[in-house]
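Take a look at the letters that make up each chain.
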Amino acid sequence: MHKALSLGIGLLFVCGGAWADAQKPQAYLDPASIPDTTVILPHAPAKGTARYEADRKIFLRTRKLKDSARWTMAQNDNDYSGAALAKDFTCALGVAIDPAAEPHLAQLVSRMTPNLLKAMSDAKDFNKRKRPFLIDKGATCVPITPDLAKSYDYPSGHSTFSWTLGLILAEIAPDRATQILARARAYGESRVVCGVHNASAVDAGRTEASIIVAALHSSAEFRADLDAARTELAASRAKAAPPANCDAENALVAQPLY
């Protein structure tokens, strides 16, 4: 797992409100209760297969997006800090997420993080898939640090976590589910635009997220926090004005990429 990604996920929403002091949140699931995604996910594409070559073609084709508005969006989506990721779902959700006003949502995200990290780390270490910029030459939307280059591609952590958050937000705000899940999908696709993940890794991230969210529903504490988060968010939405200037983001989310 890329260290910056791991840190960013761990800080999601924790940096605000009552969760500023939460350093090691208690996970909802014990390790034995987490489905083994190394068994469930298809193996990463092997060299010489159609999936492997499709990843290469998509990487090379999407390099033409360099310096476009979608490229800028991908650069924005690289930031995993709590405030940044919460803001990224503002247009889709129809309200800005405020950890101070939604402490149960903050707690939910904090407590599911260790379970997500475990599943992602296991799958990445099992597949040991190289990132696309190590296979073919091409621009990336973020600097390639030694830490990033040494980390594995499959499945995408950004895609896993953004789809997990999307599924949760869609469940607590079902009238915005279409917009939320479209933004979560685009968030994962930003990793392809950025050139730091293969398309297959982004697809696998969404599958992995669905696996973990299904497992999380077995926890009574998770379900209780989910219900409380639904109530909190409904109250916030009732008081807040809809966000403005979302047309440009909506157009980028709808843009076909590959």
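Residues numbered from 1 in each chain as written. Predicted model: local features only at pLDDT ≥ 70, side-chain atom pairs only at ≥ 80, totals over all residues. Heavy atoms only, no water.

A. Broad picture of the state of the cysteines. Scanning all chains against the criterion turns up two disulfides. Here Cys91 engages in a disulfide with Cys246; their sulfurs sit 2.1 Å apart. The S-S bond linking Cys91 to Cys246 shows a torsion near -85°; that makes this disulfide left-handed. Highlighted residues: Cys91 in helix α6 (residues 90–93) and Cys246 in the loop between α12 (220–239) and α13 (247–254), separated in sequence by 155 residues. In this structure Cys91 comes out as buried when scored by relative accessible area, which is 14%. Residue Cys246 is classed as buried on the basis of its relative accessible area of 10%. With its sulfur 1.8 Å from that of its partner, Cys141 forms a disulfide with Cys194. Handedness of the Cys141-Cys194 disulfide follows from its S-S torsion of about -80°: it is left-handed. Within this pair, whereas Cys141 is found in the loop between α7 (103–127) and α8 (146–150), its partner Cys194 is found in helix α10 (residues 177–194), the two being separated by 53 residues in sequence. One exposure class covers both Cys141 and Cys194, and it is buried. (Disulfide = S-S within 2.5 Å. Helix = DSSP H or I, 4+ residues; strand = E, 2+ residues; numbered from the N terminus. Buried < 20%, exposed > 50% of the residue type's maximum accessible area, 1.4 Å probe, protein only.)

B. Main features of the nonpolar core. Core analysis: the biggest nonpolar cluster contains 45 residues, and Leu93, Leu105, Met112, Leu169 and Ile180 have the highest contact counts within it. Here the element with the most residues in this core is α7; it accounts for nine residues. Setting aside residues no more than four positions away along its own chain, Met112 makes contact with Tyr28, Phe161, Thr164, Ile168 and Leu216. (Core = buried A, V, L, I, M, F, W, Y, C linked by side-chain atoms within 4.5 Å. Contact = heavy atoms within 4.5 Å.)

C. Here's a closer look at helix α9 (residues 157–172). Between the first and last C-alpha of α9 there are 23 Å, a value that for 16 residues agrees with the 22 Å anticipated at 1.5 Å per step. For α9, the tally of buried residues reaches 14 of 16 residues, placing the bulk of the element in the interior. Regarding α9, its N-cap is Ser156, as a side-chain oxygen of that residue lies 3.4 Å from the backbone nitrogen of His158 further along. (Expected span 1.5 Å × (residues − 1). Polar contact = N/O pair within 3.5 Å; in protein donor to acceptor, adjacent residues only side chain to side chain.)

D. Geometry of the packing of helix α4 (residues 69–77) against α13. Two numbers describe how α4 lies on α13: the axes approach to 10 Å, and their chain directions differ by 95°. When the axes of α4 and α13 are compared, the pair comes out roughly perpendicular. The segment α4 lies against α13, with Ala69, Arg70 and Met73 engaging Glu249, Leu252 and Val253. For the contact of α4 with α13, the per-class residue count stands at four nonpolar, no polar and two charged. (Axes fitted to C-alpha atoms, helices over the stretch in contact; angles between N-to-C directions. Parallel < 35°, antiparallel > 145°, perpendicular 65-115°, else oblique. Nonpolar A, V, L, I, M, F, W, Y, C, P; charged D, E, K, R; others polar.)

E. Focus on the packing of aromatic side chains. Using the criterion set out here, one finds one aromatic pair in the structure. Taking the centre distance of 5.4 Å and the plane angle of 85° together, the rings of Tyr28 and Phe222 count as edge-to-face. Residue Tyr28 is located in the loop between α1 (3–11) and α2 (37–40), and its partner Phe222 is located in helix α12; the two are separated by 194 residues in the primary sequence. (Phe/Tyr/Trp six-rings, centres within 6.5 Å; stacked < 30°, edge-to-face > 60°.)

F. How the structure looks around the environment of Val202. Within the secondary structure, Val202 is located in helix α11 (residues 199–216). A relative accessible area of 0% means that Val202 is categorised as buried. Sequence separation of Val202 and Tyr187 is 15 residues, and the distance between their C-alpha atoms is 9.6 Å. Those residues in contact with Val202 that lie beyond four places of it in its chain are Ser156, Ser159, Gly188, Glu189, Arg191, Val192 and His197.

G. Seen up close, the environment of Thr90. If you trace the backbone, Thr90 turns up in helix α6. For Thr90, a relative accessible area of 14% corresponds to the buried category. Within the structure, Thr90 has its side chain in polar contact with the backbone oxygen of Lys87 (distance 2.9 Å).

H. Representation of the pattern of salt bridges. Inspection of every chain in the model, using the stated rule, returns 12 salt bridges. A salt bridge links Glu189 to Arg185, with the shortest nitrogen-to-oxygen separation between them at 3.1 Å. Of this pair, Glu189 and Arg185 both sit in helix α10, four residues apart, roughly one helical turn. One connected set of salt bridges, linked through shared partners, spans Glu53, Arg56 and Asp136. (Salt bridge = Lys/Arg side-chain N within 4 Å of Asp/Glu carboxyl O.)

I. Broad picture of the packing of α7 against α12. Running from N to C, α7 and α12 cross one another at 145°; their axes reach a closest spacing of 7 Å. As α7 packs across α12, the resulting crossing turns out to be left-handed. Touching Pro103, His104, Leu105, Gln107, Leu108 and Arg111 of α7 are Glu221, Phe222, Asp225, Leu226, Ala228, Ala229 and Glu232, all from α12. Taken together, the residues that form the contact of α7 with α12 break down as seven nonpolar, two polar and four charged. (Left-handed = near helix turned anticlockwise from the far one by under 90°.)

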